[in-house]
Amino acid sequence: MKYICIHGHFYQPPRENPWLEAVERQESAYPYHDWNERITAESYATNATARILDGQGRIARIVNNYSRISFNFGPTLLAWMEAKAPAAYEGVIRADRRSAERFGGHGSALAQAYNHMIMPLANERDRRTQVFWGARDFVRRFGRKPEGMWLPETAVDVPTLEALAAHGITFTILAPHQAARVRPLVGGEPVGGLGWTEVTGARIDPTRPYLQNLPSGRSIVLFFYDGPISRAVAFERLLASGERFAGRITHAFRADDGNPQLAHIATDGETYGHHHPNGDMALAWALAHIEESGLGRLTNYAQCLELDPPRHEVEILEDTSWSCAHGLERWRSDCGCNSGGRPGWSQLWRQPLREALDFLRDELVPLYESGVADLVNDPWVARDEYIDVVMDRARATRFLERNASHELSQPERTRLWKLLELQRHAMLMYTSCGWFFDELSGIETTQVVQYAGRAVELAEDLFGAGIEARFLERLEQVPSNLPAVANGRRLYEQFVVPARVDLAKVAAHYAVSSLFERYPDNARVYAYRVDSRDRRWGEAGRTRLAVGHLDVTSTITEETAHFSYGALRLADHTVSGGVSEFAGEEAYANIADELTSTFRQADFATAMRLMDRYFHASIYSLRTLFHDQQQKVLEKAMEKSLAQAEASYRQIYERNAPLMRFLRGLSLPQPPEFRAAADLVLNADVRREAASDDLDPDRMLSLLGEANESDVMLDRKGIGYAMTQTLERAMARLVEDPDDIDRLERVDRLASLMKSAPFEINLWTVQNLYWDLMHSVLPDKREDALEHEAARDWVGRFEGLGHTLNIVVPAWRVPVRPNGRVPDVAPPDDGAPPPPEDSATAPAEPGASA
């Protein structure tokens, strides 16, 4: 009768460049490429393979936390994970199937309103589409209809609940202070003589479900999570101990009244691992302890609803949320809620920013309706169903068969896609994170303004209605706390306009970057396809020329253009590239012949003048490259110069290393010139060794010792990340050929080195791969070891690697031979074999705690 449910809201805002449809490098996430990648490594992936430790702190079990909790993932985050973190993504999808087996046919995954829009602040159409898109995305990924849906920031009003119920959503989760009043039900009807009880102020009993009846005649079930325990998990370090976490939630039940009770909490899913390191382990231990000690029965909300239908009715407190004490004001006013740390700053920008976006949205609606009137049967049904194309562009033809009013020509198709993209970005610009933090120019707010900028650009392209000028007038009234930014208009000019990408800019990117790398004839450049029709190449030392013509096609809008291009590299970073509309084969041939002929004569000054003559209207440099490629190209461009600089510093260091040691022995300060040389040389040597597939542990230890003696400040994050990747590559090679004992020995040596290295080495992937081999390969090898010396050697080394990786290797149950004799083999005694992954009946290891 005592049920326990832990809900994790796993979400990151969409971070894609609106023109490239890709997340570009975010330096603040170093050493990872971006924050999605970093948080996946720290939370999303680790919860799919969470560790339960034994009394000695060794890994005794690896379990999928998602299969035992309730969870939702933002659809835009799942789209990124599917492409960039497929193993973690598959762990989430697989967990929902396993949870259905565990919880009476009810999967634990909930859907989410699509791009985390604050639903009560949305107009009716956007609310409907957000629910439709969230549910349709869920069905594609999880293969079933969602029973529940998470509301962004749990922001709620009656129209939002109506939108959920109209789409067949059975329940949602709210904070306890979002209930206004309750009354008991019997047989689904109010009890005579018992009226409403006011519960405003978080006094609602969270251990039961509640029925909210709606004006339409529909209804929806509401679960109000336990506020104090949820806060303790998120903000009071309750996850420092899995044992304390389990104890706190199992003491949440009220006195037994004979009715079922549900103890449940809800927090950001990133709490388990990202906000609180090892929080995924505390969660895994707590779940196992609760389940195996009989303190309660794990469940999810859908199963709980089947087992215990609502016995009370509730009415919500409208226009409230879980993270703003003032209702919804955090997303539309300077209410005082912020992330702290900047006491002199205000959030006066929030209201005029929302008003500017509301203006843009409302201006776009009639333009959209008139623009698609001759293309589709119903403009808003088409927008709803466009999510199928967003999820998979290969579904475009099927979408058109259902929605187009007639067979569309290619120009009509492109116009339709642009109109639908206009509407998509007009919703993305309302992603809640844009208002959550403290400053207008923060990355989250800049992101939503970029989405608005993409919608504006499409509107100007389609209608030329002067929308941008009127939008900028409103943005000028949006104040920034930073004088360099000043207002929203300056933000738009500094961070939106330079980010814009058109087909010509893609062609220029291709032309300039082709000086540094060779593309295939049919290349993918982010959200564009580039088909080379002809290209010519010249090289003279470090000077290079590229000339050609090509087609650039947007994979989103199907818009295509044909360009001629030329690009010339004179020095490391002195690059000039130009593009122009293709003017025919004869004109192109004249350009290509004259440029290549001049280049062969080494007349580079004339070649530069020709570039200016032919492409004067659109000359590009390295500055025009897209961010990730720009960094890659600059690294290549600077390679020789940096090598020369390093050689010079190395000469200084090696010549003066004995003197530096002598000065250290006398406790005298090092000259700054010597320290600079030592820092550069030793960081370069350690980083290079760390990233090498031929990493020599002895040399690495020697370099680390030298760096320590020289008081060199090593780039610990970057070097640790490089060493982690080196070990993962070595382990992947072992998985490819587990029989190769040299590969096994290599992994063991590297793992031993990295456990003692003064860097943060992430053994998570390597431990997972070892765990899989331990259950798939080791049993057969142990059988072979009864007869073959080589197999015995392999088993011994593999078990040794397990100890190095801090994993409990299951005991070897040696079979008796048919003659009754035990083989002359001494297997290790490491305790009982670990249970299979996600076993719900095996005993937990004693004392295991995160």
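Predicted, not measured: the structure shown is a model, and the values here were computed from it. Each chain carries its own residue numbering, running from 1 in the written order of its sequence. Confidence filtering applies because this is a predicted model: local features only for residues at pLDDT of at least 70, side-chain atom pairs given and counted only at 80 or more, and all residues used for totals across whole chains, interfaces and linings. Only heavy atoms go into the side-chain values, all of them from the structure, while hydrogens and water stay out.

Draft legend 1. Broad picture of helix 2 (residues 75-84). Pro 75, Thr 76, Leu 77, Leu 78, Trp 80 and Met 81 are the residues of helix 2 that are buried. Buried residues along helix 2 sit against strand 1 (2-10), helix 1 (35-48), strand 4 (70-73), helix 3 (86-102), strand 5 (109-112) and helix 4 (124-142). The buried label applies to any residue whose accessible area, calculated with a 1.4 Å probe on protein chains only, is under 20% of its type's maximum; exposed applies above 50%, and partly exposed to all values in between. By definition, any uninterrupted DSSP run of H or I lasting at least four residues is a helix, any uninterrupted run of E lasting at least two residues is a strand, and each is numbered from the N terminus. Contacts are assigned to residue pairs that have any heavy atoms within 4.5 Å of one another.

Draft legend 2. Just the nonpolar core, in detail. In this description, a nonpolar core means a group of buried Ala, Val, Leu, Ile, Met, Phe, Trp, Tyr and Cys residues linked to one another through side-chain atoms lying within 4.5 Å. Ranked by internal contacts, the top residues of the largest apolar core, which has 103 residues, are Leu 353, Tyr 386, Phe 399, Leu 416, Phe 471, Tyr 528 and Val 552. Counting residues per element, this core draws most heavily on helix 10 (residues 350-372), which supplies 10 residues. Core analysis: the second largest hydrophobic core is formed by 73 residues, Trp 80, Leu 161, Ala 165 and Val 314 among them.

Draft legend 3. Here's a closer look at the pairing of strand 3 (residues 59-63). Among the 5 residues of strand 3, 5 are classified as buried, and the element is accordingly described as predominantly covered. Bridge analysis of strand 2 (residues 50-53) against strand 3 gives 4 bridges, and the strand direction is antiparallel. Directly across from Arg 51, in strand 3, lies its bridge partner Ile 62. Strand pairing is assigned whenever DSSP detects at least two bridges linking the two strands. Here strand 2 folds back onto strand 3 in antiparallel fashion, the turn holding 5 residues, of which Gly 57 has a positive phi close to 80 degrees.

Draft legend 4. A look at the pattern of salt bridges. By convention in these notes, a salt bridge is any Lys or Arg side-chain nitrogen within 4 Å of a carboxyl oxygen on Asp or Glu. All chains considered together, the criterion is met by 59 salt bridges. A salt bridge links Asp 205 to Arg 254; the shortest N-O distance between them is 2.7 Å. Of this pair, Asp 205 sits in the loop between strand 10 (197-198) and strand 11 (210-213) while Arg 254 sits in the loop between helix 7 (242-250) and strand 13 (261-268); the two residues are 49 residues apart in sequence, bridging distant segments of the chain. Notably, a salt bridge pairs Asp 685 with Arg 650, separated by 2.7 Å at the nearest N-O pair. Linking Asp 685 in helix 24 (residues 672-691) with Arg 650 in helix 23 (residues 639-665), this pair joins segments that are 35 residues apart in sequence. With respect to burial, Asp 685 and Arg 650 carry one shared label: buried. The structure contains a network of salt bridges with shared partners spanning Arg 136, Glu 385, Asp 388, Asp 392, Arg 395 and Arg 402.

Draft legend 5. The packing of helix 28 (residues 764-776) against helix 30 (residues 789-804), seen in detail. Working convention: axes come from line fits to C-alpha atoms, limited for helices to the stretch in contact. Angles between N-to-C directions cover 0 to 180 degrees. Between helix 28 and helix 30, whose axes approach to 11 Å, the crossing angle comes to 145 degrees. Judged by the twist between their axes, the crossing of helix 28 over helix 30 is left-handed. Together, Tyr 770, Leu 773 and Met 774 of helix 28 and Phe 798, Glu 799, Leu 801 and Gly 802 of helix 30 make up the contact between the two elements. The handedness criterion is simple: a crossing whose near helix is rotated anticlockwise from the far helix by less than a right angle is left-handed, and one whose near helix is rotated clockwise is right-handed.

Draft legend 6. Spotlight on the sheet that holds strand 19 (residues 560-569). Taken together, 6 strands build an open sheet; the order of strands is 16-17-18-19-20-21 and the sheet is antiparallel. Only two strands of the sheet have a single partner each, and these edge strands are strand 16 (522-525) and strand 21 (619-620). Pairing geometry for strand 17 (residues 528-540) and strand 18 (residues 543-554), over 12 bridges, is antiparallel. Counted as the bridge partner of Arg 535 is Gly 548 from strand 18.

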